[in-house]
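What follows is each chain in one-letter form.
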Amino acid sequence: MVSSFKSIDQKAKGFSENNWNDDAGFSLDVNKRLAKVVKDKEELSEEEIIKKAKAFLDLPNTVDAKAEKLGEGMPYKGYQVVIEDSDGERNYMIDMTERGGLPVWALQSRDITEPKIGLNEASERAKEFLEDKGITDVQLVDSKQYDTIGTFQFVPVKDDVRLYPDALIVEIALDDGDLVGFKGANYFANHRERHDLSPALTLDDALDELHPNLKSREEHLAVIENQNGDEVLTYEIFATMNGDTYRIYLNADTGFEEEVKRMQEAEPVYDVDVI
């Protein structure tokens, strides 16, 4: 199971390379932020944590499970819960915070057979999973297929502004549409009310900053973390040049180019469906 999680973890990190402001791993900084979020929440017992873990994974309370406390080096107290499904073919691993019982990440470990559903249907399953957990204010911003797994990144949206520091990753098996991976650390650590989401520059002013050979295909307002780890309001611009697609973040107050990435996918990403 640990080996399987490391594999999914690497896939998720590769998936998030196009969203470089979002750390799909679990840096000490994100863990420290999460510790601050949960410090005043109710402390739950081991039994309550196990019950919450099963409910999050939509498993009956009758399945076998065991929990172990997370290591002392973590900034917050928590449990790693291992759950074995009744058929013995599926195992689940999930990390939960002790205070508040927040799901930091989850993994289903099993053999995944040949794909029977496509990415579009799998993205709907991912959306439904989040909605069932009360996470409804999000937008699908990217999707990729890794062999038999669909990996989907969602970000919350406030006043038409994408909040990339709060990103979630959901992974769906393409054989039966079941959840096989979830990463929520950034969402639970960073999701909060932002009050200053009005750009000083107009979109036309920002587009004037683009290289003249770049053709803009889609634009959004987006909050990202810059190279210094500070949140900045930007214009997220998908632009094409010489057959390549670029994702460009321009500071919405100064026009400064915060980040530029050439997209790894051959197909354009600017017609991604919006939830």
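Nothing here was measured: the structure is a model prediction, and the numbers come from that model.

K.L.:
Sorry, what's going on with the overall build of the protein here?
P.N.:
Across its full length, the protein carries 6 helices and 13 strands. A burial count over the protein gives 51% of its 275 residues as buried. Pairs at least 24 residues apart make up 57% of the contacts formed inside the protein by residues separated by at least 6 positions.

K.L.:
Before we go on, may I ask you to explain the nonpolar core in this structure?
P.N.:
Burial of nonpolar side chains together is a common tendency in soluble globular proteins. In terms of nonpolar packing, the biggest core is built from 47 residues, with Leu 57, Val 81 and Phe 182 touching the most fellow members. For Leu 57, the contacting residues outside a window of four places in its chain are Ile 83, Tyr 92, Ile 94, Ala 106 and Leu 179. One finds Ala 206, Ile 237, Tyr 246 and Leu 250 within the second-largest nonpolar core, a separate group that totals 17 residues.

K.L.:
Help me out: how do you make sense of the packing of aromatic side chains in this one?
P.N.:
Each pair of aromatic rings is reported with the distance of its centres and the angle of its planes. Within the structure shown, the criterion is met by 5 aromatic pairs. With a centroid separation of 6.0 Å and an interplanar angle of 90 degrees, the aromatic rings of Tyr 164 and Tyr 249 are classed as edge-to-face. In this pair, Tyr 164 is assigned in the loop between strand S7 (161-163) and strand S8 (168-173) and Tyr 249 in strand S12 (residues 244-251), connecting sequence segments 85 residues apart. Overall, Tyr 164 belongs to the buried group, its relative accessible area being 0%. On the basis of an interplanar angle of 80 degrees and a centroid distance of 5.3 Å, the ring pair of Tyr 187 and Phe 188 is categorised as edge-to-face.

K.L.:
Teacher, can you tell me more about the environment of Leu 59 here?
P.N.:
Of note, Leu 59 is situated in the loop between helix H3 (46-56) and strand S1 (64-69). Considered as a pair, Leu 59 and Glu 84 are 25 residues apart in the sequence and their alpha carbons are 9.9 Å apart. Ignoring anything within four residues of it in the chain, the contact list for Leu 59 reads Lys 54, Ile 83 and Tyr 92.

K.L.:
Would you mind showing me how to read the pairing of strand S4 (residues 103-109) here?
P.N.:
Two faces, one strand: in a regular strand the side chains alternate between the faces of the sheet. Counting buried positions over the 7 residues of S4 gives 7, a clear majority of the element. Taken together, the 6 bridges between strand S3 (residues 91-97) and S4 define a ladder with antiparallel strand orientation. Bridging across to S4, Met 93 finds its partner in Leu 107. Connecting the antiparallel pair S3 and S4 is a turn made up of 5 residues, with Gly 100 showing a positive phi of about 90 degrees. For S4 and strand S9 (residues 179-183), the ladder comprises 3 bridges, and the chain directions are antiparallel. Directly across from Ala 106, in S9, lies its bridge partner Phe 182.

K.L.:
It is not clear to me how the environment of Ala 55 should be interpreted in this structure. Could you clarify?
P.N.:
Checked against the element boundaries, Ala 55 lands in helix H3. By relative accessible area, Ala 55 is classed as partly exposed at 48%.

K.L.:
So what exactly am I meant to see when it comes to a negative patch on the surface here?
P.N.:
Taken together, Glu 42, Glu 46, Glu 47 and Glu 48 make up a surface patch of like negative charges. On the secondary structure map, Glu 48 appears in helix H3. Residue class for Glu 48 comes out partly exposed when judged on its relative accessible area of 37%.

K.L.:
Explanation requested: the confidence of the model for the protein in the structure shown.
P.N.:
In regions of low pLDDT, the predicted coordinates are not meant to be interpreted in detail. With 85% of its residues at a pLDDT of at least 70, the protein reaches an overall mean of 86. Low pLDDT, under 50, characterises residues 1-9; the predicted model gives this stretch 17 contacts beyond four residues in sequence or across chains. A low-confidence stretch, residues 11-26 (pLDDT under 50), is modelled with 58 contacts involving residues beyond four sequence positions or located in other chains.

K.L.:
Explain the pattern of salt bridges to me, please; I cannot follow it from the model alone.
P.N.:
Side chains that differ in charge, positive against negative, can pair when their charged atoms come close. Using the criterion set out here, one finds 19 salt bridges in the structure. Of the charged contacts, one joins Arg 99 and Glu 43 as a salt bridge, the two residues approaching to 3.3 Å between their closest N and O atoms. With Arg 99 in the loop between S3 and S4 and Glu 43 in the loop between helix H2 (28-38) and H3, the pair connects residues that are 56 residues apart, well separated along the chain. By relative accessible area, Glu 43 is classed as partly exposed at 44%. Glu 218 is paired through a salt bridge with Arg 162; the nearest N and O atoms lie 4.0 Å apart. Of this pair, Glu 218 sits in strand S10 (residues 215-225) while Arg 162 sits in strand S7, and the two are 56 residues apart along the sequence. When sorted by exposure, Glu 218 lands in the same class as Arg 162, which is buried. Here the residues in one salt-bridge network are Arg 90, Arg 110, Asp 175, Asp 176 and Asp 178, joined through shared partners.

Criteria and thresholds
Residues numbered from 1 in each chain as written. Predicted model: local features only at pLDDT ≥ 70, side-chain atom pairs only at ≥ 80, totals over all residues. Heavy atoms only, no water. Helix = DSSP H or I, 4+ residues; strand = E, 2+ residues; numbered from the N terminus. Buried < 20%, exposed > 50% of the residue type's maximum accessible area, 1.4 Å probe, protein only. Contact = heavy atoms within 4.5 Å. Core = buried A, V, L, I, M, F, W, Y, C linked by side-chain atoms within 4.5 Å. Phe/Tyr/Trp six-rings, centres within 6.5 Å; stacked < 30°, edge-to-face > 60°. Pairing = 2+ DSSP bridges. Patch = residues over 30% accessible without salt bridge, like charges linked within 9 Å, V, L, I, M, F, W, Y side chains within 5 Å. Areas by Shrake-Rupley, 256 points an atom, 1.4 Å probe, with all protein chains shown as cover. Salt bridge = Lys/Arg side-chain N within 4 Å of Asp/Glu carboxyl O. Lys, Arg positive; Asp, Glu negative; His and termini not counted. Charge placed at Lys NZ, Arg CZ, Asp CG, Glu CD. pLDDT = per-residue confidence, 0-100.

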